[in-house]
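Breakdown of the fold
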Amino acid sequence: MPKYVPEPFKIKMVEPIRLISPEKREAAIKKANYNLFAMKAEDIFIDFMTDSGTSAMSNHQWSAMMMGDESYAGARSWFRLKEVVDEIFGFKHFVPTHQGRAAENILTNLLVQPGEYIPSNMHFDTTEGNIRARGGRPKNLVRKEAYNPSERVDFKGNMDIEKLCSFIENTGVENIPFGMLTITNNAGGGQPVSMQNIKAVSELYHEFGLPFFIDACRFAENAYFIKLREPGYADKSPLEISQEMFSYADGATMSAKKDGIVNIGGFLAMNDDTLFQNVRNELIIREGFYTYGGLAGRDLEAMAVGFKEALEVSYLDYRLAQTAYLGERLIEKGIPIIEPPGAHAIYIDAKSFLPHIPQAELPGQSLSIAMYKQGGIRAVELGTVAFGYTDPDSGEEIFPELDMVRMAIPRRVYTQSHMDYVVDVLTEIAENPQALKGYKITYQPPLMRHFTAHFEPL
Ligand SMILES: *Cc1c(COP(=O)(O)O)cnc(C)c1O
């Protein structure tokens, strides 16, 4: 049996959950047009839809919230947050935003012109959506191993440096406003990026004079993978490793709903003074004054504490081990997942799990619906529904290389027995995968269709 590291906390408050009957589950998913985003959360037993904003805050965070200073400008809570963000991330400037996509919205609104390209290892869906909304083209250049789910590589989120170099040369720097890197690589299985790779990406972007922004949502988990796996970092603290990671970048977008362990919050950071002035103006129009950015003072307090808690070794050790436990147990049962397990989620390889369902018939969507019907589990399709698109040049339907179902694990929320229950439900499905059928889309919006699309079984 894989090792389960005991939770480094005890439970002081509980929130009841319930498993409704199979008949009620069947009716509920149908009523939601077979879109798990459209369901009532109360009808879900284990909610693995996202680790974003779903974490349990600590007693320290809740007590910090009582100290929130709700002054409009220059609140004490802003200075508390600033001290922590300056220490960990070390950029010259930052503004709070209500979540990660608000930071992406402001950055892309200011820097991306129609037809321009933004390279990254892999963009997350909101980043892609924001770039496309400005007429820009997101470009994914992750190492090729990332597309082979069963291949075990320590830093499977790394950028392919050679591909990045020829991409910049062929595209022309004048068509690239800035470069990005996502740590850990959420869209590619939550896989980490090595320090060596962050440094090499930074050097290459800078050689071409391109500003380098890190999508920093899971910086603490990435730092801990570096500590565990990269030579020379075993004796460094997650804080020191984080400081080094960000020292190579010119800015960052952050969703504190991930490694800020809060229910809402984020920021946009940068070194460039002129960009900061423009960001501030943009923030004031869209989010709020630059010392609160669309958040309450108490939210800033919770973030300030959460960023530090996310870097504690006891927490990170438990966090990575819990996810690995779920992943290794599924592998034992013969269920194909992206290997090795990342930190925040387990990604089931739906293409391998359901080879009888072609990508055009949405195998990931089919599996996520089956998981709900079988055991009240909510996971999210990250495959053809989320990442398939119509090519603006050829008008052709493009399928992503991977069709996955992501089980994202909220921080400090579920226990070992919840993990075991999920393994049991998936084992039951794996006994007769042929019973699962394909789906078709009956409604879709132009961007980020997975959130609101309607489906029908074939
Ligand atoms: C969640 C996430 C975002 C967007 O953040 P929100 O707070 O959900 O707006 C961007 N990038 C990555 C890698 C993410 O995981």
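Provided above is the structure to which this section pertains.
Everything in this summary refers to the structure shown in the same document. (Residues numbered from 1 in each chain as written. Predicted model: local features only at pLDDT ≥ 70, side-chain atom pairs only at ≥ 80, totals over all residues. Heavy atoms only, no water.)

Using the criterion set out here, one finds 25 salt bridges in the structure. Lys92 is the partner of Asp273 in a salt bridge, and the nearest nitrogen-oxygen pair spans 2.8 Å. Here Asp273 is found in helix H10 (residues 273-286), whereas its partner Lys92 is found in the loop between helix H3 (76-89) and strand S2 (93-97), with 181 residues between them in sequence. What makes Asp273 partly exposed here is its relative accessible area of 38%. Each of the salt bridges in this network shares a partner with another, and the network as a whole consists of Asp51, Arg218, Glu221, Asp259, Arg319 and Arg411. (Salt bridge = Lys/Arg side-chain N within 4 Å of Asp/Glu carboxyl O. Helix = DSSP H or I, 4+ residues; strand = E, 2+ residues; numbered from the N terminus. Buried < 20%, exposed > 50% of the residue type's maximum accessible area, 1.4 Å probe, protein only.)

Okay, helix H9 (residues 238-247) next. For H9, the tally of buried residues reaches seven of ten residues, placing the bulk of the element in the interior. For H9, the set of buried residues is Pro238, Leu239, Ile241, Ser242, Glu244, Met245 and Phe246. In this structure, the buried residues of H9 make contact with H3, helix H7 (195-207), strand S6 (212-215), helix H8 (219-229), strand S7 (251-255) and helix H12 (313-332). (Contact = heavy atoms within 4.5 Å.)

Turning our attention to empty space enclosed by the protein. For the structure shown, the criterion picks out one cavity of 30 Å³ or more. Of the voids in this model, the largest cavity is the one considered here, and its volume is about 70 Å³. If you list the elements that add at least two residues to the lining of the largest cavity, you get helix H14 (363-375) and strand S11 (380-382). (1 Å grid on protein atoms, 1.4 Å probe; cavity = no way out; pocket = protein on both sides within 12 Å on 5 of 7 lines; lining within 4 Å. Points joined across faces, edges and corners; volume = space filled by probe spheres on them.)

It is worth spelling out the sheet that holds strand S14 (residues 404-408) at this point. Ordered by their spatial adjacency, three strands build an open sheet running S9-S14-S11, and the pairing between neighbours is antiparallel. Of all the strands in the sheet, just strand S9 (345-349) and S11 have a single pairing partner and so form its edges. Here the strands of the sheet are splayed against their neighbours by 35° on average, with no regard to which way each runs. For S9 and S14, the ladder comprises five bridges, and the chain directions are antiparallel. Bridged to Tyr347 within S14 is Arg406. Against the sheet, H12 engages S9 and S14, with an angle of about 20° to S9. H14 contacts S9, S11 and S14 of the sheet and is inclined by roughly 40° relative to S14. (Pairing = 2+ DSSP bridges. Axes fitted to C-alpha atoms, helices over the stretch in contact; angles between N-to-C directions.)

Bringing the nonpolar core into the picture now. In terms of nonpolar packing, the biggest core is built from 95 residues, with Phe219, Phe307 and Met407 touching the most fellow members. A total of eight residues in this core trace back to one element, the largest contributor, which is H12. Split by domain, this core shows at least three residues from each of two domains, domain 1 (22-51 + 312-457) and domain 2 (59-309). Residue contacts for Phe307: discarding those within four places in its chain leaves Leu81, Val84, Val85, Ile88, Phe219, Met254, Ala256, Asp259, Gly260 and Phe267. Membership of the second largest hydrophobic core comes to 31 residues, among which are Ile44, Ala345, Tyr347 and Met404. (Core = buried A, V, L, I, M, F, W, Y, C linked by side-chain atoms within 4.5 Å. Domains from an automatic or database assignment.)

This part covers unusual backbone geometry. Between Ile183 and the following residue, Thr184, the backbone shows a cis peptide bond with an omega angle of -20°. Mapped onto the secondary structure, Thr184 falls in the loop between strand S5 (179-182) and H7. In this model, Glu339 is joined to Pro340 through a cis peptide bond whose omega is -15°. Not every positive phi belongs to a glycine, and Tyr34 is a case in point at roughly 60°. Within the secondary structure layout, Tyr34 lies in the loop between helix H1 (22-31) and strand S1 (46-47). When its relative accessible area of 8% is taken as the criterion, Tyr34 is described as buried.

Here the focus is the environment of Ile335. For Ile335, the location among the structural elements is in the loop between H12 and S9. On a C-alpha basis, the gap between Ile335 and Leu228 in space is 26 Å, while along the polypeptide they are 107 residues apart. Beyond its immediate stretch of four places on either side in the chain, Ile335 contacts Leu330, Ile348, Phe353, Leu426, Thr427 and Ala430.

This next bit is on the pairing of strand S8 (residues 266-270). Most of S8 sits inside the fold, with five of its five residues counted as buried. Of the two faces of S8, the one carrying Gly266, Leu268 and Met270 and the one carrying Phe267 and Ala269 are both buried. Where S2 and S8 come together, five bridges link them in antiparallel fashion. Among the inter-strand pairings, Phe94 is bridged to a residue of S8, identified as Ala269. Bridging between S7 and S8 involves five bridges; their strand directions are antiparallel. Its bridge partner lying in S8, Thr253 is registered against Leu268.

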